[in-house]
Each structure stands twice: as C-alpha cells, then as structure tokens.
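Residue strings, one per chain:
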Amino acid sequence: MRRTFLATAIAAAAFAAAPAAAQQFDWRRHDGTTLNLLLNNHPWSQAMREMVADFTAKTGIRTRIEIFNEEQFRARLTTLMQARSADIDVFMSLKIREGAVFHRAGWYADLTPLLNDPRETAADFNFDDFGAALREAETIGGQLVGLPINLEGPLFYWRKDLFERCGITEPRFLEDIPAAAEKLKGCEAARAAGMTSPWAARGLRGAIPYAMSAFIRNLGGEFWKPDGSPGLCQPDTVRGIEMYATLLKDYGPPGALNHTFTQVIELLGQGRVAMTHESSNEFANIMRFPNRANDLGVKVLPPGRETGRSVPVVIGWGLSVSAHSRNKSAAWTFLQWATSTEVQTKLVAAGVAPPRSSVFNGPAFRAWTDELPIRRAWADALVEIARTGNGVYQTKTDRIPESRDLIGNAVQQVVLGRASARDAACAADAELARLQ
Amino acid sequence: MVWPALVFAAGMIVFPFGYAAFLSLHEFMFGGEPRFVGLGNYLGLMGDAQFWNGFRLTVLLYVVSLGLQLVIGTWLGLLLARNEAARGLVRTVMVSPFMLPPVVVGMMAIVILDPGFGVANWLLGAIGIPPRQWLADPDTVILTIAAIDTWQWAPFVALIVLGGRLALPQDVFEAAAIDGASGWRRFRHVTLPLLAPTLVTAAVLRSVDLLRFFDVIYITTGGGPGYASTTLNILAYKRGFEFFDIGYAATIMVTLSTLVFGTVLVFARLRSSVRW
C-alpha cells in the first residue's frame, strides 16, 4: 500500500513538472548539430576561433568557422545569400552599412520570436543588458536581426615619448595635429628614435570616410546639406577633407593611398609613425608590439578649436542568423552563448570592447583596464564614443559602399595633387547626387 | 558519343554566359528582383567615364604586358635553345614564377615595391636614382603591374618558344648560315617567320589571361590609387560585389568577354595566315 502510494505520488509529481520542464531552455537541445559560421577577419572572430571548443563542450553543437578579410567576406556572404544557400547559419554583419539592403532582401532571420520564447532563450540571457542604442542598431523594421558583439570607432593614437622628446604638447584641438606633425617632421630626435613619418591613416578609397568623418564634423562640417542632398562642397566639410588629405600628403608615409588599417597598425606598432587615427578594435594588436603599451597615448580625436565639437564615429558589429538556415534554433543558441556575460568577459582579454553594460562596468573589465594606464584611456575613449558617436559617415543613401568610395576618391585626388579640396568635393557631390 | 561534351559545354559555358547576358539586360541589385531594362545598361556604359577609363587601362595593360612578354620570352627562349648545357636547370628555374599562386606574387610585389622599406627603392638608391612610388603613383601603377605580370609570365612564353625552336628543321638555319646571312638577318627572315605560329599560340594563351587579369591588381592596389588601375575586371567586381549592382557588373563582363572572343578570333585568323 505504502509502495503504491509512493509510486503514485512520484508519477503525479512528474506529470505536474513535465510542462514546466518542456518550457525550460536546454543548452544541449541541439546536441549533434553542426553550424556553419561566416565571419569577418576581426579580433572578435580570431578570439572566437580559440573559444568555440567551449561552446561545443557545453552544447554538443559543432561549428565550422570560415574567416575572410572584409571584402572577400562580403563577396562570399552576398553570393551565398543571393543563391538562398543554407550553407551559412550564422554570419557577422555591420547593420549601419548593409542592414537596410540585407533586411530588404530578406536575408536576416527574425530573432524576435526566439528571444521571446522561454524554450529558446536562457533565463539569464538578459537582453536588456545591451545598451539601448546597440539593441536599436540590431533592430530593423521592428525585427531583431542580430545581437551586438562589439563596439568600435577610430581613436587618436600618439607617441607620448616622441612628443616629449620634440617638446610638443599633447594635441588638445584638432588643429593642433597638423602643427604637431610639422614639428615632428623637423625633429631629429624623433627620426633618431625610428620615426619615418609623423602621421599615418587610411588612404584606400573606400576605407577613408571611416577615419575622416570626425575631421569633417569636428570642424563643423557634415556629409549632407540641411535639405539632405550631398554636402561635401560646404566650406567646413571642405576644411575637414583638406586637413585629412594634407596630413596624408605632407606627413604620411610613402604609398599611403594603398594603406588601410593593416598597414597603418603595422607602421604604428613598429614605431615608424608618431600619430594616427585608427580603429579602437586594433588596440590589442598594437599592444602586441614591444614598448607601445608604455609610450603610446590614446583618446578620442580632439574637438575643433572654434567649434568645440567632437563627433567620433561609432559602429558595432552584430551576429545574425541567416534566413535560409535550416538550423535557426541551434544558431540562436550559438548567438546567446557568444554574447553571454561569461564569453564577453573572456573576450575582454582579446581587446574586444564588450557591448554588455554589466561586463563593461564589471569587476573583470575594470581589473583588466586598471593593469595599464593605456587600457584605462582606451576604455574611457570607448565610453565617450558610445555617448557622442555617430555611425553614419557618408551621404544619405542606401548605396553606402558606393557613396564611401566616391568620397574616398575625392580625398585621393587631393592627396595626389590633382584637384583642390574644394574642386574634388564639389565634383564628388555631383556624383553622389546620382545615388540618392 | 558527343553528348557528354555537349552537356558539359552547355552547363559550364553556355549557361553561365547566357545567364550573364540575361542579367546584363536587367537592373538587378543584390537582394532585389531583376527588372528588365533592355539595352539600358549598355547605353549607360557608353556614357560612363569609369567604364571608358577601365577599357583604356585594360587595353593598355594588355598591349604593354603582351608586347613585353613576347619580346623577352622570345629572346630568352632562343637563348636557351642555343645553350644545351644550361637548359635543364634554367628550365626548372623558369617554371617557378608561373607556378606561384597570384596571391603570393601580389604579396611579394607589395613587399618588394613598398616605397618605404621595399628592396626595389633600396636598389635604386644604391645607384643614385630617387625612390619611386611604384604601386601608389597613378602615372606608373599600370606599368608596374605590367612589369609584375611580365616577370611571372615571360618565362612561360620562353618555354613555348624554346619548344617551337627545337622542333624547327635545322637544315634551314644551316643553309642560311652558308648563304652568309648575319645573326639579325637570320632571325628576321628565317627564325621569326618559322616561329610565327608558335608565337601566335603564345599570344593567344597570354591574351585570354591578360584580358581577364584580376588577382594581382586586386591584391596590390584594389584598383587605385584613384581609379588608376581599375581595369574592367576590377570595375565589374566592385560594381557587383561591393556595390551589389549585379546587372551593371554583368554588362561590363559581357562586354569584356566579347572583347576576349574578338581578340581570340583575330589571333585565330592570324595563325592561319602565318602557317607554313
């Protein structure tokens, strides 16, 4: 009688618990699935390649990761997506650049139902932990199309030791940078220390606007006119273009027009240049070079002297699930893991700025930044660009890469001495108008 | 049993080209649906300064590279034909450049020609010549790329010429020597006419390759500085894969393919006229 009662009680308890268990998220639900990931070559991706074994151990989901440089990454991604291929489950995407086009094409899986389903989303995922702006950037047309994985923007890096040797003070205003470059150019002590050029920055056509935008806006310029039409020809914008081009032309390394962040970071890391305006993302790579952790300074590009204005660029990569994937639920599991507090805390050591507030303000990140003054300066700069930054650095159009290419070409014409900043900018406006 | 060949040709040649031709008649951005525009893209091409710039650069690169490769390749090939002892070793060494993947060639060129620390400027400096910008100077970039391609492919032409020269009947050259023909006259009136079919074959092989030349340019300059090395292939790639404008990119590629077919036809005619 007693045994019958116990068996009945256990069966009743199990029956009562069954619906609750079915509604709970289970990390191992997709054990045995294989996910294909297409990633851009980025500190986040490199770190992820090292860490993904933890994901497999936790979930039983295996991954195949492909990492390409940005242009090849996009060529492969767009080809596969256009073919409606199910070969890609998860991909990186820069919504500010391609979000509108990809969304219109229906290439992003809508993650909103997955996020709202307790069987699909871990109870401790805490989506609100991502900053509101980052969540908004990953939401298009009311659909959640990705999860943020980082925060980045160009920062001003300068060699404090060379400035000191040459008796130059830290640039407080944008206009101090060309003046400092001029002094560094004539400073024998800087050359003796290995400096070959005072300045380096992106000179490749399509890469220029990212690094140049703050030059334009800090001097009071804008990429468009108040009516929304292209506005490179506006006087303050022309001044920004002129300053960026002059720095490259008169103080940049030879061959600068073929340079993008890889060459710039190499030159800075090797100690060949004294200043640059390059991505916050590259911080970890720069720190790998000997001495740079001690002799480099980093901050947001200084404001214009007259305007007092500082408008840095800020962007964030996100991780999306392909609308053509046959493993959307498993892919969403990966997204949750990759953007979890635990993983983001580990990514900090790889120099990836965490988009989760709890991680950014957490003890692990603080302990890491407190180890070196330059890490603290880098983190402070990130806080500032997150607060004041702007993610649009081209004219108003959906054809963003083409617009950036035309803007970059105008700058190249000035660097090559083939046109004045004003002529190049006005000619570019006519071309840019076609894209609207 | 010709049908496997027909199926293969249809699947691998006719369909892709036909699809490209179909796309070229449409306005088609990645992610959207194709919209028929007839010859609109082709008419747009005629008024597009970037297309004409790309066309000029493609032809310039083709003419300079092919000319250099035929001249240097013929010279090297004939030199090797005369020197039997060195032939085996030199032939092995000469194969090396065109066995290299384009990515390696491009990366090597970037390092050697870097205006700041490249060995090319160091060598120029050693003999008192001021440094050059090589790949960063719009006036010299296309010639620099032609030189890189010539370095890689002139040995290929040389090997073809060597094979052709060794296959020629020796008695013709002996007769010319007995008749007192000098070295240059022998080359001009005997060697060159006899080698003409071989040279045309080499020119056809290099023409097809040169007109679709993409990889080294993409790696070394990406089409810059400015648009100074944006050949038609680079332009089509950028329009298609960076700007998502697939219809227009297809139009450029169909036009370029027509140029390639036309060139091959001209050489085919030439080959029959120089046959002996």
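Residues numbered from 1 in each chain as written. Chains lettered and ligands numbered in written order. Predicted model: local features only at pLDDT ≥ 70, side-chain atom pairs only at ≥ 80, totals over all residues.

Participant: So, the sheet that holds strand 9 (residues 273-279) of chain A: which residues are in play, and what are the values?
Facilitator: All names here are of chain A. Across the sheet, four strands lie side by side as 8-9-7-10; this open sheet has mixed pairing. At either end of the open sheet lies a strand with only one pairing partner, and these are strand 8 (197-200) and strand 10 (296-299). Neighbour-to-neighbour, the strand axes of the sheet open up by a mean angle of 15 degrees, direction not taken into account. Where strand 8 meets strand 9, three bridges bridge the pair, whose relative direction is parallel. The residue of strand 9 that forms the bridge with S197 is V273. (Pairing = 2+ DSSP bridges. Helix = DSSP H or I, 4+ residues; strand = E, 2+ residues; numbered from the N terminus. Axes fitted to C-alpha atoms, helices over the stretch in contact; angles between N-to-C directions.)

Participant: Please set out the interface of chain B and chain A residue by residue, giving values where relevant.
Facilitator: Between chain B and chain A, the residue contacts involve 19 residues of the former and 25 residues of the latter. Looking at the side of chain B that touches chain A residue by residue, the classes come out as nine nonpolar, eight polar and two charged. (Contact = placed C-beta atoms within 7 Å. Nonpolar A, V, L, I, M, F, W, Y, C, P; charged D, E, K, R; others polar.)

Participant: Would you mind going over the packing of helix 18 (residues 363-370) of chain A against helix 19 (residues 373-388) of chain A in detail, with residue names and values included?
Facilitator: Residues and elements named next belong to chain A. The geometry of helix 18 relative to helix 19 is characterised by a closest axis approach of 6 Å and an angle of 130 degrees between their N-to-C directions. The orientation of helix 18 with respect to helix 19, classified from their angle, is oblique. Where helix 18 abuts helix 19, its residues W368, T369 and D370 lie against R375, R376 and A379. Each residue belonging to the contact of helix 18 with helix 19 can be placed in one class, and the counts come to two nonpolar, one polar and three charged. (Parallel < 35°, antiparallel > 145°, perpendicular 65-115°, else oblique.)

Participant: Describe the confidence of the model for chain B, with residues and values.
Facilitator: Confidence in the prediction for chain B averages 89 pLDDT; 99% of positions are at 70 or higher. Here the prediction assigns the complex a pTM of 0.84, and the interface score ipTM is 0.79. (pLDDT = per-residue confidence, 0-100.)

Participant: Before we move on, could you go through helix 15 (residues 328-338) of chain A and cite the residues and values that matter?
Facilitator: For an α-helix the count is 3.6 residues per turn, leaving residues at separations of three or four pointing the same way. Along helix 15 of chain A, 10 of the 11 residues are buried, which leaves the element largely enclosed by surrounding structure. Among the residues of helix 15 of chain A, K328, A330, A331, W332, T333, F334, L335, Q336, W337 and A338 of chain A are the ones counted as buried. (Buried ≥ 20, exposed ≤ 12 C-beta atoms within 10 Å, placed from the backbone.)

Participant: With reference to specific residues and values, describe the nonpolar core.
Facilitator: Looking at soluble globular proteins, one finds that nonpolar side chains tend to be buried together. Judged by nonpolar contacts, the single largest core of 181 residues is most densely connected at L184, I241, F334 and V411 of chain A. The element best represented in this core is helix 7 (residues 141-167) of chain B, accounting for 14 residues. Counting only domains with at least three residues in this core, you end up with domain 1 (34-151 + 315-372) and domain 2 (154-314 + 374-433) of chain A. (Core = buried A, V, L, I, M, F, W, Y, C linked by C-beta atoms within 7 Å. Domains from an automatic or database assignment.)

Participant: Now, about the sheet that holds strand 6 (residues 147-148) of chain A: what can you tell me, with residues and values included?
Facilitator: All names here are of chain A. With mixed pairing, the five strands of this open sheet are ordered in space as 2-1-3-11-6. On the outer flanks of this sheet lie strand 2 (62-68) and strand 6, each paired with one strand and no other. As paired elements, strand 3 (residues 90-93) and strand 11 (residues 318-321) share four bridges and run antiparallel to each other. Within strand 11, the position partnered with F91 by the bridge is S320. Sheet strands in contact with helix 2 (residues 43-59) are strand 1 (34-40) and strand 2, and its direction is about 175 degrees off that of strand 2.

Participant: Provide a residue-level description of the packing of helix 10 (residues 208-218) of chain A against helix 20 (residues 400-415) of chain A, including the pertinent values.
Facilitator: All names here are of chain A. Here helix 10 crosses helix 20 at 70 degrees, and the two axes come no closer than 9 Å. The pairing of helix 10 with helix 20 is recorded here as roughly perpendicular in orientation. In this structure, the crossing between helix 10 and helix 20 has a hand that is left-handed. When helix 10 is examined against helix 20, the residues I208, P209 and M212 are found in contact with a partner set consisting of R404, I407, G408 and V411. Residue classes in the contact of helix 10 with helix 20 are distributed as five nonpolar, one polar and one charged. (Left-handed = near helix turned anticlockwise from the far one by under 90°.)

Participant: Report on the domain arrangement of chain A, specifying residues and quantitative values.
Facilitator: All names here are of chain A. If you check the domain split of chain A, you get domain 1 (34-151 + 315-372) and domain 2 (154-314 + 374-433). Its C-alpha centre places domain 1 at a distance of 29 Å from the equivalent point of domain 2. Taken together, the 17 residues of domain 1 in the interface contact 16 residues of domain 2. A per-element tally of the side of domain 1 that touches domain 2 places helix 4 (residues 95-105) first, with four residues. The residue inventory of the side of domain 1 that touches domain 2, partitioned by class, reads 10 nonpolar, four polar and three charged.

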